Structures are given as C-alpha cells and as structure tokens.
Amino acid sequence: MYRVSQELEYLDSIQASRSLERHYESYGKYCSVKGQLRLNLSGNDYLGLVEREDLRREFLSLYPVYAVPHGSTSSRLLLGNYSLASLFEEEIARALRKESALLFNSGYHANTAILSALSSLGGVHILADKLVHASIIDGIRLSEASFERFRHNDWVHLERLLSRVDGTKTPIVVVESLYSMDGDKTDLRTLVALKEKYPQMLLYVDEAHAIGAVGKHGYGVAEEQDVLEDIDILVGTFGKALNSMGAYVATCTALKRWLINKARSLIFSTMLPEATTAWSRFLFNRLPTFVEERKKLNSIAQSVHTWLKEIDCATIGNSYIVPLLIGGNEECCRVATILQEGGFEVRPIRYPTVPQGTARIRLSLTATMREEDLLPLIDLLRRR
Ligand SMILES: *Cc1c(COP(=O)(O)O)cnc(C)c1O
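These numbers come from a predicted model, not from an experiment.

Here the focus is the site of the ligand. Every residue lining the ligand is accounted for by Ser106, Gly107, Tyr108, Asn111, His133, Ser135, Glu176, Asp206, Ala208, His209, Thr237 and Lys240. Gly107 places a main-chain nitrogen or oxygen 2.7 Å from an oxygen atom of the ligand. For the ligand, whose accessible area on its own is 380 Å², the fraction buried by protein is 86%. Among the elements that line the shell around the ligand, the one with the most residues is helix α4 (residues 107–119), at three residues. Split by residue class, the shell around the ligand holds two nonpolar, seven polar and three charged.

Listed below in structure tokens is the structure:
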C-alpha cells in the first residue's frame, strides 16, 4: 500500500484528489452541507421530482407491494426477468418510436456494454465527440474497435474523419444530446443528414441530461428536433430527471437481441429490484404530463441566462445546465466559495476536467426554483 499512499499524496499536492468527506441531506430543492442550508445547484433533478411527495404517495397507493424492499435475486437472463420489465420496455419503445427497448441497471452499465457488444461484431470504427461522458469512453476502452474523437460539436471535423473511414467498416457516431459540462444541445438533424451521405453510419445518442426535461412529451432532444425515428441507438437514464435508477436503450429488434446475447453488464449483473423499475415506469409514463414543470424549467433558465448577460458573466448555450465560465482554477475556487457561503451549493469544475482557462461553475437548475431563489446568486456574482 506504500505506493498507493505515495500516489494519493501526489494527487493531494496538485489538489486533484477526490473524497467522500462531505455529506448531504436533501430537503427538496435545498440541501444541507455542514449544517448550512443551501440551494442545491449541483444535482440533476431538472423536473423537481425530488420534492413530489404527491407522486410518491400515489405510487405507493397504486402498488403497495413495492413498499417492502426486495431484490430481484439474479440476472435478467435468469430469474431477474420479471414481466414488468418487458412491459416497460414495450412502453419505452412505443413512446420513442422504436421497434424495441432494453433496460439496463444504469447509464454506466448501458454505455459500457452497448459499445463493446457492437464492436464485437468486428469492422466497427467509433467516432465520439470530444466531450462524451466517461461511461462512453469506458465502453470504447472495453471494445476492440478502432476509434477517434472529433472536436466538440464540430461537424466539419466529424465529416473529415467520416470520409476517411474504410468503406468496409461501420462507423458509429456517438454523441450526447445535451452536454453536462457545457449545457449545449446537439444539432441532431445535421447528424441525421450525414447518414444519407454515409449510409453505413450508425448514430448513437445519449439523452441522459435531456430525457424528461426536453421535448413536447419529455422524450428528449430527439423528440424536440423531430428525429426520434432516425437515431439508431438511443440511450437514456432514469437516475437524473426521472429521480429513479436504471437506463434504457431504444433501438431495433435485431440489436436488442444482439445485446441480450453480448451485453456483459446485462448478462452478468443482478437485475434492478422490481420496485425500482416500477417507479421508473410510473414516472416515465407520466412524462407527457409534466408540461408545466418543463415550462417553468425553461422559463427560469431563460431568466438566469438574461441576468448573466446583464452582468457580463460568460456562459454557453441557453439550457437549464448553465456553465459560468470563470477562467483560472484559483479564481474559480474563490468564486465557488463566495457562492457556497452565500447559500448556494455549487462546485468548481477545474482544469484538467475542463480545458485550461475554462474553469467553471455549473448551475444545474430545476423546475421548482424561483426567480427570488436565484437573484441573490446573481448579486453575489456581480460583486465578486
Ligand atoms: C450520468 C450519465 C450517465 C450515467 O448514468 P447512470 O445511470 O448515472 O450510471 C451516462 N451518460 C451520460 C451522458 C450521463 O450524464
């Protein structure tokens, strides 16, 4: 363990170590940190479902059996295949206009398994956006496929790489629909148009930060841009806006069958408890009704972006994920401390997590945040 301690000392010395020392208690849109109540701007509860006791009560009165904790005892391929899972998959597929859907225990399980299972077909070349999530990177690492990264949302760069892919290979283009560090949406229509020019290309979209919160029915950026049918592999998670746990991929029936045969995180991991899947299903099927929540979320996001412009605070995009571009690591930590002490739970995101000189504070807004909750933060930023 001596070498481990040495490495940890090094990480501490460059202020790059992580720890689990801070504990949070959640109180709706607030959280308490070391006894201080703060507005929680570091979560992913975009629809404000954390506060919805009404939904929890309704769920339990409909399904009292799920009030008693119990596990599924085995993998989906063994006894873990309860009928609710298949029923839910049919509902997801119908909602997202796909032939089929398949559940995973988490987004991390889904991305790592899908990319490696696809690559095991051979002749696959992965082209991933520079900013894709770590679970996608790990899926690429687990796979035997060749891969390249293209500059974030740079379609010219992507097309240059695409045009060079050997004609016998299947290029898989992997993007997120709404990026967690930059808060910017992806132009999926342009990517769909590329499929006409490169008919071998498969389009893989991860909607983790958008499902529930974007689109008329809450079905994500693909719904908003009217391209649901054109995405080959559409991944979403239940852990963020849906306030549950688990993930899905919506795709064609052939790929679903291939994944049941090859997706190792599906085959070799115990299926989620039925109660968790039932809660995800209850909320997923409610998504079309959360119209008011999405309206409020967008409206508070537009207000925050307008105020930030007024005080010349640089940001990106115009969504409910608002990165405040601060610059250097030290300055970012200083501003984060001011905001934290002022009652806002924010985290500095520093180089090397983000490029040098773009250290930032990420504000993650929710549908239950009001203008009066956030105006004091703007005031602190103005006087920083
Ligand atoms: C959070 C996230 C995941 C991981 O999902 P979990 O269900 O938390 O494992 C995958 N992809 C993206 C883009 C994410 O933001």
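Our next topic: helix α14 (residues 371–382). Helix length check: α14, at twelve residues, gives a terminal C-alpha distance of 16 Å against a target of 16 Å (1.5 Å per residue), a fit within 8%. All buried positions along α14 are accounted for by Asp373, Leu374, Leu377, Ile378, Leu380 and Leu381. Buried positions in α14, seen along its axis, are confined to an arc of 160 degrees and lie on one side of it. Opposite its buried face, α14 presents the exposed residues Glu372 and Arg382, each directed more than 90 degrees away.

Another aspect to go through is the packing of helix α6 (residues 155–163) against helix α7 (residues 188–197). At a closest axis distance of 12 Å, the pairing of α6 and α7 adopts a crossing angle of 25 degrees. As judged from the angle between their axes, α6 and α7 are roughly parallel. In the packing of α6 onto α7, the handedness of the crossing is right-handed. Every residue of α7 that contacts α6 at Trp155, Leu158, Glu159 and Leu162 is listed here: Thr190, Leu191, Leu194 and Lys197. In the contact of α6 with α7, the residues fall into five nonpolar, one polar and two charged.

Rules used in this analysis
- Residues numbered from 1 in each chain as written.
- Predicted model: local features only at pLDDT ≥ 70, side-chain atom pairs only at ≥ 80, totals over all residues.
- Heavy atoms only, no water.
- Near = heavy atom within 4 Å.
- Polar contact = N/O pair within 3.5 Å; in protein donor to acceptor, adjacent residues only side chain to side chain.
- Areas by Shrake-Rupley, 256 points an atom, 1.4 Å probe, with all protein chains shown as cover.
- Helix = DSSP H or I, 4+ residues; strand = E, 2+ residues; numbered from the N terminus.
- Nonpolar A, V, L, I, M, F, W, Y, C, P; charged D, E, K, R; others polar.
- Expected span 1.5 Å × (residues − 1).
- Buried < 20%, exposed > 50% of the residue type's maximum accessible area, 1.4 Å probe, protein only.
- Arc of directions from axis to C-beta.
- Axes fitted to C-alpha atoms, helices over the stretch in contact; angles between N-to-C directions.
- Parallel < 35°, antiparallel > 145°, perpendicular 65-115°, else oblique.
- Left-handed = near helix turned anticlockwise from the far one by under 90°.
- Contact = heavy atoms within 4.5 Å.

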